[in-house]
Amino acid sequence: MDPEMQKMREVVLVYLDRSGGLQKFVHDCKKYNGITQYIVCKLIHSYTNLCYFKILFAPTDSKQSYAVYRFIISINPSDIAELDATLGNYILHNPLQAAQIFQSVCFVAIKTLSLIEQLQTEDQISILLKPTHLPPLPSYVLSLSAYPFNYTSQRFYMSEGIVIAMGTVTKYTQGARFLCTEETCPFSEGFRCIRVHCPGATESATVRTDFVCSLCSSPLQEDMKFRVLGDKQIVEMIDAKMLNALKGYSNDKSHFRIQAFTVFLRDELANKMTIGNHYRIIGIPACVQNGLQATACIEVNSVQLYKPSGPSFVSDNFKYLLSLTSSSCWRFTAVLANIFASQIVPPGTYNTLKLAILLSLVQTCEKENADYLDLLVVTSDTLIIDRLLNYSLCLLPRGIRHPPSSDIFPSVSKDKHGTGSASIQACSAVLAKGGICYIGDLSSYKKDKLELLQSVLESRTTTVFIPGKKYGEEADQQVTVSVQTNFWSHVDSSSKKHIQKENFLIGQMDVSVIPVNLVDGFGLLIYNEFPSCHLSSSVVHHILRRAINPEAMLYKVSQQFRTQDYEEFILFARNLHVELSSEAESLIQGYYLASRRVRRDSIHGSMLSASALKILISLAKAHAKLSLRQTVLEEDAVIAILLLESSLTLKHGTSVLCVAPNPVFPFDVSDENSLQQRDIYLMQCHHQVLKFIAAYSPGIHINTNEE
């Protein structure tokens, strides 16, 4: 025996014992013996001598023979390299050969300790090495956007990407037993001819009818009753850089080519991925031959959900602005909205819309049951609004502009790898997970698409139907996909599709081109302050100057607060964990109950649904985040109430509360004096809301400040 190989086997045994891997291995063996209880007492390290005191309890008729016994062994490359550098290098660069070393050690352990009595040969053991991590070096990273794609080395690589398609779980052959058809051949009995699945191998590489005996060259025949099946799932992933191409507008001028790649999830890893999520994987690249086509793929050994950490700070200019406006809880966000997107529109214009955009941006996350904030903008100047929304969604890593030629929600197609099974394809809404999905002009979609959108806005899920007959399944399937994104859209108020209605209520906006329930599904309805026929001179001047020199910095604030600064600010703010104060909660609850009583009629009941309360809380939390606070104050609740009341007025007409058409920005906030006037105005609105609650929701106790 090779002394170096013998030494590595001994190191494997030592490592398994020290890491607890041997204990787990013994535990895994019991499932093949049907063992219901076992006691492990002591192990002494030695490859040639295993001293092991054990008590096993198993039914006498529970033992069944298998062609292959599969074991998963978790390994820490750093710990193994400390024990023996040669073995550590072997695992990292020759994992298939390293698995054979572990296979040999496990076979000796099973035979010495009588863990699986029906096991006959070493070839029946299949070992899957699962590294906890790889060295953080460039040579161990497989870039999915770099060329060439190295799939011939047959060693471990780390890679990451976003799941864009998922197939249904199907079966594959883990291992099979073959017998020689020549009765006098020694290979006509026993477990001498075992075929085990290898990374990248197709089903025909493991089982088919043209294998011949290596001893006598007679045909081999599979013993079907010993075939071992496992679960297999085919997943398509793509580099996260692909999202930049779906934003529609970006400051990144670099060019790159990205192609999706195939990932195989087997057995315990099946269904471990979710479509739209970002994962970091460790696996072995391979090339799968499907007829005349060859597909680069990765056989995954380890899957880890990737959650990039946001910035831990904001720029000094934002800190300085926060200190300057610290005298009021309303001023920082007012100035922030006033100067936002100065590359697209001049400062001081579209302030209400820009504030709503910022609130929606910071209210994005990938958590279940998150607070969502969808925007629907009514405008007659779709070009400027489209530019503004497109610029804003690029501030998030997951900002997606939906292309009209594709589906908003998941669809089903036949798997392209020849299995004939169904594959669920991602879409704009799923790819925008934890971000923004901008779907453009809402009036351009057909009725069925709008109904599906309404359903998703209400439930935040969509169901994909998979007909079993079409995709080779016995029964039909329904797969529910979570949709965790904020939706943005706009409606052209000057469109000829509008059918003018009579008897509009005071303050009510004509959005009859969109179903009423769908309009209610959006959290906020914003009306554009400047119709195209009355564009302000500053907007016209800005457009002309940008057309002459697109790269010019037209305003000083554009240099002080760059797009990159806003990106970092939004990522920092959205990661803040905020809590509702009791005062803010009482104010929101009181306004909600009072509005439900005021906005109702005898036929349809209340116009306010239960979702309005969620929107109020989401707006208040978003304003606290935008103010870089972790507690939602009454001042945040006031902004939330004014924004929602303005939206409700556009949908259903004015109420007893009777807010101004633009209650959050009643006038320009260009200097200290105007900010002071705005504070006074918002305080008056606060008292007006308190009186409204006292009159129409008297059961709610609100602490009033007599100041």
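Residues numbered from 1 in each chain as written. Predicted model: local features only at pLDDT ≥ 70, side-chain atom pairs only at ≥ 80, totals over all residues. Heavy atoms only, no water.

A.B. asks: Help me out: how do you make sense of the environment of Ser 423 in this one?
C.D. replies: The topology assignment puts Ser 423 in strand E16 (residues 422–425). As a C-alpha pair, Ser 423 and Ile 234 span 189 residues in sequence and 8.4 Å in three-dimensional space. Residues contacting Ser 423, with those up to four places away along its chain left out, are Ala 165, Met 166, Gly 167, Ser 411, Val 412, Ser 413 and Asp 415. In this structure the side chain of Ser 423 is engaged in a polar contact, spanning 3.1 Å, whose partner is the side chain of Gln 425. (Helix = DSSP H or I, 4+ residues; strand = E, 2+ residues; numbered from the N terminus. Contact = heavy atoms within 4.5 Å. Polar contact = N/O pair within 3.5 Å; in protein donor to acceptor, adjacent residues only side chain to side chain.)

A.B. asks: Looking at this structure, how should I read helix H18 (residues 611–626)?
C.D. replies: One turn of an α-helix holds 3.6 residues; hence residues three or four places apart share an orientation. Over its 16 residues, H18 extends 22 Å from the first C-alpha to the last, a length consistent with the 22 Å expected when each residue adds 1.5 Å. For H18, the tally of buried residues reaches twelve of 16 residues, placing the bulk of the element in the interior. One or two steps after H18, the chain reaches Leu 628, where phi turns positive at roughly 60 degrees. (Expected span 1.5 Å × (residues − 1). Buried < 20%, exposed > 50% of the residue type's maximum accessible area, 1.4 Å probe, protein only.)

A.B. asks: Please explain the pairing of strand E20 (residues 486–492) as it appears in this structure.
C.D. replies: Looking along a regular strand, one sees side chains alternate from face to face of the sheet. Summarising burial for E20: seven of the seven residues are buried, a large majority. Side chains Asn 486, Trp 488, His 490 and Asp 492 project from E20 onto one buried face, and the interleaved Phe 487, Ser 489 and Val 491 project onto a second face that is buried too. Across five bridges, strand E13 (residues 375–379) lies against E20 in parallel orientation. Its bridge partner being in E20, Val 377 is matched across the sheet by His 490. Bridge count between strand E17 (residues 436–441) and E20: four bridges; the pairing is parallel. Bridging from a neighbouring strand, Ile 436 pairs with Asn 486 of E20. (Pairing = 2+ DSSP bridges.)

A.B. asks: I tried to follow unusual backbone geometry on my own but got confused; where do I start?
C.D. replies: The backbone of Ser 217 sits at a positive phi, close to 65 degrees, despite the residue not being glycine. Located in the positive-phi region is Ala 341, a residue other than glycine, with phi close to 55 degrees. Exposure remark for Ala 341: the relative accessible area of 1% places this residue in the buried category.

A.B. asks: How should the nonpolar core be read in this particular structure?
C.D. replies: Across soluble globular proteins, nonpolar side chains have a tendency to be buried as a group. Counting residues in each nonpolar core, the largest one holds 87 residues, and the members touching the most others are Leu 336, Ile 357, Leu 361, Trp 488, Tyr 591 and Leu 619. Counting residues per element, this core draws most heavily on helix H19 (residues 634–652), at nine residues. Among the nonpolar cores identified, the runner-up in size contains 57 residues, and Met 273, Ala 429, Leu 450 and Leu 457 belong to it. (Core = buried A, V, L, I, M, F, W, Y, C linked by side-chain atoms within 4.5 Å.)

A.B. asks: Where do I start with the packing of helix H4 (residues 85–93) against helix H5 (residues 95–113) in this structure?
C.D. replies: For any two helices packed against each other, the geometry is given by the interaxial angle and the distance between the axes. It is at 6 Å that the axes of H4 and H5 come closest, and there the two elements cross at 125 degrees. Here H4 lies oblique to H5, going by the angle between them. Contacts between H4 and H5 involve Leu 87, Tyr 90, Ile 91, Leu 92 and His 93 from the former and Pro 95, Gln 97, Ala 98, Ile 101 and Phe 102 from the latter. Partitioned by chemical class, the residues of the contact of H4 with H5 number eight nonpolar, two polar and no charged. (Axes fitted to C-alpha atoms, helices over the stretch in contact; angles between N-to-C directions. Parallel < 35°, antiparallel > 145°, perpendicular 65-115°, else oblique. Nonpolar A, V, L, I, M, F, W, Y, C, P; charged D, E, K, R; others polar.)

A.B. asks: Is there a simple way to think about helix H9 (residues 351–362) in this case?
C.D. replies: A rise of 1.5 Å per residue sets the reference length of H9, with its twelve residues, at 16 Å; its end C-alpha atoms lie 17 Å apart and thus fit the reference within 8%. Counting buried positions along H9 yields twelve of twelve residues, so the element is predominantly enclosed. Those residues of H9 lying buried are Asn 351, Thr 352, Leu 353, Lys 354, Leu 355, Ala 356, Ile 357, Leu 358, Leu 359, Ser 360, Leu 361 and Val 362.

A.B. asks: Sorry, what's going on with the sheet that holds E20 here?
C.D. replies: Sheet strands associate in pairs through backbone hydrogen bonding, adopting either a parallel or an antiparallel arrangement. Pairing is parallel across the open sheet formed by five strands, whose spatial order is E14-E17-E20-E13-E21. Each end of this open sheet is capped by a strand with a single partner; those strands are strand E14 (399–401) and strand E21 (524–527). Adjacent strand axes in the sheet meet at a mean angle of 20 degrees, parallel and antiparallel pairs treated alike. Direction of pairing for E14 relative to E17: parallel, over a ladder of three bridges. Note that in E17 the partner of Arg 401 across the bridge is Tyr 438.

A.B. asks: Quick question: what am I supposed to make of the side chain of Lys 433 here?
C.D. replies: As for its placement among the helices and strands, Lys 433 is situated in the loop between helix H11 (428–431) and E17. On the accessibility criterion, Lys 433 (9% relative accessible area) is buried. Within the local environment of Lys 433, its side chain forms a polar contact with the side chain of Asn 277, the two groups lying 2.3 Å apart.

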